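Residue-level structural notes
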Amino acid sequence: MRFDTRLVHTGGGPDPLTGAVNIPLYLSSTFEQASPNENKGYVYSRTANPTRTSLESAIADLETGQRGLAFSSGLGALATLLEDIPSGQRIVAGDDLYGGTWRLFDHHRRQFGLSVTYVDPTSVDAFAAALEAGPTAVVYLETPTNPLMKLTDIRAVSALARRHGARVVVDNTFASPVFQRPLELGADLVLHSTTKYLGGHSDLIGGALVAADPAWGERLAWLQNALGAVPSPVDCFLVLRGIRTLGVRMRAHDRNGQAVAHRLEKARGVVAVHYPGLGSHPQIELARRQMSGGGGMVSFELKDGERAARRFLKALRIFTLAESLGGVESLAEHPASMTHASVPAAERAARGISDGLVRLSCGIEDSRDLVADVTRGLQAV
Ligand SMILES: *Cc1c(COP(=O)(O)O)cnc(C)c1O
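Residues numbered from 1 in each chain as written. Predicted model: local features only at pLDDT ≥ 70, side-chain atom pairs only at ≥ 80, totals over all residues. Heavy atoms only, no water.

1. Brief notes about the pairing of strand β1 (residues 67-71)
- Most of β1 is tucked away: four of the five residues are buried.
- Two strands pair when backbone bridges link them, and β1 and strand β7 (residues 207-211) are joined in this way by five bridges, in the antiparallel orientation. Each residue of the ladder has a partner; that of A70, found in β7, is A208. (Buried < 20%, exposed > 50% of the residue type's maximum accessible area, 1.4 Å probe, protein only. Helix = DSSP H or I, 4+ residues; strand = E, 2+ residues; numbered from the N terminus. Pairing = 2+ DSSP bridges.)

2. Focus: a nonpolar patch on the surface
- Residues L25, L27 and V234 make up a contiguous nonpolar surface patch of about 260 Å² in total accessible area.
- As for its position among the elements, V234 is in helix α9 (residues 233-244).
- Since its relative accessible area comes to 34%, V234 is described here as partly exposed. (Patch = residues over 30% accessible without salt bridge, like charges linked within 9 Å, V, L, I, M, F, W, Y side chains within 5 Å. Areas by Shrake-Rupley, 256 points an atom, 1.4 Å probe, with all protein chains shown as cover. Salt bridge = Lys/Arg side-chain N within 4 Å of Asp/Glu carboxyl O.)

3. As for the nonpolar core
- L55, F127, V139 and I243 are the most contacted members of the largest nonpolar core, which has 50 residues in total.
- Top element by residues in this core is helix α2 (residues 50-62). It accounts for five residues.
- Each of domain 1 (3-244) and domain 2 (246-380) accounts for three or more of the residues forming this core.
- Those residues in contact with L55 that lie beyond four places of it in its chain are A70, C236, V239, L240 and I243.
- Within the second largest apolar cluster, 26 residues are counted, among which are I85, L189, W216 and L223. (Core = buried A, V, L, I, M, F, W, Y, C linked by side-chain atoms within 4.5 Å. Domains from an automatic or database assignment. Contact = heavy atoms within 4.5 Å.)

4. Considerations on the pattern of salt bridges
- According to the stated counting rule, one finds 17 salt bridges in the structure shown.
- Between E218 and R67 there is a salt bridge; the shortest N-O distance is 2.8 Å. Taken together, the residues E218 in helix α8 (residues 214-227) and R67 in strand β1 connect sequence positions 151 residues apart.
- You can call E218 partly exposed: its relative accessible area is 48%.
- For R67, a relative accessible area of 28% translates into the label partly exposed.
- One salt bridge connects D213 with R167, and the closest N-O pair in it is separated by 3.7 Å. You can see D213 sitting in the loop between β7 and α8 and its partner R167 sitting in strand β5 (residues 167-171), a full 46 residues away along the chain.
- By relative accessible area, which is 29% here, D213 ends up partly exposed.
- Its relative accessible area of 25% is what places R167 among the partly exposed residues.
- Salt bridges sharing partners connect three or more residues here, namely D106, R109 and R110.

Coordinates in, geometry out; function isn't part of it.
Here it is in structure tokens:
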């Protein structure tokens, strides 16, 4: 089956019991046992729930992994993964990360002696040097990065990491499996905030992990049950429903991302546009190699700093000023004071997140309306 067909049919349906075309919502915390410890595979819904099983098998299928696990949030998935890294070990990570990821790494560093080495995500040499410098448990990548849309060469870094006995984890939230499949490029684990494109409608919080190695998947499943950061069956149902339209939605997000990025590129007062679908993106060759679309996330820098950013955001009528991304509706935000406020100012400056940076999540509206809205914002700057 081709990818768009799998999006519609994956997850084990129709329901074997009734023929319902959607796997039903199993709102049950516990399951009857025929005799002590004799059951139909379900005992207690923290451990496993049939609606969640359907979602987990769907995500594993789409990311071409051996084991999928669903969580109550993207950070719940990350926290569970971090429990698998013994204290004192080291993570090598790109230095442009989701703010909450940075915050959790920093907490584990202080609390449990995790060591974290940050490197330039665009430089394979920088990853090589960090791996040479000492034993590494995990290489942690976000590509494209949030909010600067930098790329890491997943294939090259995965090959390097393998030689050093380190596992590679890729946060694939921005690209989604429609545009990028890290496990096919040699990564060991994919992380998602299903809150974003997989859910796709800004109506839930969720996360997922997909492991290429069934043994690692089994250990993470043990931790998923032991820690309990699991999603409700309702949220699992909604993410599955989102997945059905992921293909058509991602193409609409991509069309709008392209249109908005091109408009911004021509604007006076804009000093940089960050979008991996633009010919001017410094890593466009890599983008074409490992991604099949630029997606809906665009960030850009206004010459006149925070004042200009605030004016731009205030003038918008279609883009809603809000954190988050990946929903059908377009959102705009100011990373320095919103999504990345948890990264200290000095760190932000060092990483290039300026006060004039604006991040857009282009939804699936008509491109012409979005371009007109961005033009309205630019005129107010
Ligand atoms: C939102 C996000 C997360 C965190 O996910 P939650 O569902 O909000 O916990 C992690 N990584 C990226 C890239 C994100 O955008």
